[in-house]
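Chains, contacts and geometry: an overview
Spelled out, the chains give:
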Amino acid sequence: MSSDLYREQILDHYRHPRNYGTLEDADISHEDHNPLCGDQVRFEVRLDDGGRVVQAAFTGRGCAISQATASMLTEAVQGKTLDDIKAMDQQTVLGLLGISLSPVRLKCALLPLKVLQAGIYRYESDKAGR
Ligand code: ZN
């Protein structure tokens, strides 16, 4: 895809966010913000018995990059294990977006993944402590 198409896709996710909302019986929920830009993202994830993501949802507000990335991530994590998601990094996010970003915008793009991974680590430590 050309970068124009990627840009269009980002705007489409921003205007029509996928899986926007909250889950009744989420196993993982976590939120955080990016003070540099004012972006806020909350992620909720429901797991099946095998520990794979069956449903992911987000709510939030902020710039197009942060909200579009969150929307894209709710689709990208479907069927993934928590280890798969913990292995996602900057390259994964940039691969979803398909455009290069300034350092400030990169923080916006990485916020949703940071929130998701922090939620996973908290879920796992809660589980280990039980
Ligand atoms: Zn932002």
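Anything mentioned here points back to the structure above.
Residues numbered from 1 in each chain as written. Predicted model: local features only at pLDDT ≥ 70, side-chain atom pairs only at ≥ 80, totals over all residues. Heavy atoms only, no water.

1. Quick word on the pairing of strand β3 (residues 53-61)
A regular strand places its side chains so that they alternate between the two faces of the sheet. Test applied: For two strands to be treated as a pair, DSSP must find at least two bridges joining them. Numbering of helices and strands runs from the N terminus, with a helix taken as a DSSP run of H or I at least four residues long and a strand as a DSSP run of E at least two residues long.
As paired strands, strand β2 (residues 39-47) and β3 are joined by eight bridges and run antiparallel to one another. Counted as the bridge partner of Leu47 is Val53 from β3. Hairpin remark: β2 followed by β3, antiparallel, with five residues in the connecting loop; positive phi at Gly51, about 80°.

2. Structural notes on the coordination of the zinc ion
Basically, it comes down to this: With water omitted from the atoms examined, metal sites may look incomplete; donors here are N, O and S atoms no farther than 2.8 Å from the metal, or 3.2 Å in the case of Na, K and Ca.
Protein ligation of the zinc ion involves Cys37 (SG), Asp39 (OD), Asp39 (OD), Cys63 (SG) and Cys108 (SG), the donor distances falling in the range 2.1 to 2.7 Å. Mapped onto the sequence, the residues coordinating the zinc ion show the spacing C-x1-D-x23-C-x44-C. With Asp39 in strand β2 and Cys108 in helix α5 (residues 103-128), the pair connects residues that are 69 residues apart, well separated along the chain.

3. Focus on the side chain of Glu44
Rules: Side-chain atoms alone can form a polar contact between residues adjacent in sequence; in general such a contact is a pair of N or O atoms within 3.5 Å, and within protein one must be able to donate a hydrogen while the other accepts it. Any pair of residues with heavy atoms lying within 4.5 Å of one another is described as a contacting pair.
The residue Glu44 is located in strand β2 in this model. From its side chain, Glu44 meets the backbone nitrogen of Leu23 in a polar contact 2.7 Å long. Here Arg42 takes part through its side chain, which lies 3.1 Å from a polar atom of the side chain of Glu44. In this view, Glu44 contacts Thr22, Leu23, Ala26, Ile28, Ser29, Gln55, Ala56 and Ala57; residues no more than four positions away in its chain are not counted.

4. Structural notes on the nonpolar core
Spelled out, the test is: Residues belong to a common nonpolar core when they are buried Ala, Val, Leu, Ile, Met, Phe, Trp, Tyr or Cys residues joined through side-chain atoms within 4.5 Å. Under the scheme applied here, a residue whose accessible area is under 20% of the maximum for its type counts as buried, over 50% as exposed, and between as partly exposed, the area being computed with a 1.4 Å probe on protein chains only.
By size, the foremost hydrophobic cluster in this structure holds 31 residues, and its most contacted members are Phe43, Ile65 and Leu97. When contributions to this core are tallied by element, the ones reaching two or more residues are α1 (3-15), β2, β3, α2 (64-76), α3 (82-86), α4 (90-97) and α5. Examining the composition of this core, we find that eight residues originate from one element, α5, more than from any other.

5. Here we look at the packing of α4 against α5
Note the following rule: For every element, the axis is a line fit to its C-alpha atoms; helices are fit only across the contacting stretch, and the angle between N-to-C directions ranges from 0 to 180 degrees. Orientation labels follow simple angle bins: below 35 degrees gives roughly parallel, above 145 gives roughly antiparallel, 65 to 115 gives roughly perpendicular, and whatever is left gives oblique. For this classification, Asp, Glu, Lys and Arg are treated as charged, while Ala, Val, Leu, Ile, Met, Phe, Trp, Tyr, Cys and Pro are nonpolar and the rest, including Gly, are polar.
Where α4 contacts α5, the two axes come as close as 10 Å, and the packing angle between them is 110°. Judged on the interaxial angle alone, α5 and α4 are roughly perpendicular. From α4, Gln90, Val93, Leu94 and Leu97 reach across to α5, where they touch Leu106, Ala109, Leu110 and Leu113. Looking at the contact of α4 with α5 residue by residue, the class counts come to seven nonpolar, one polar and no charged.

Note that all results are geometric; they support no functional claim without further evidence.
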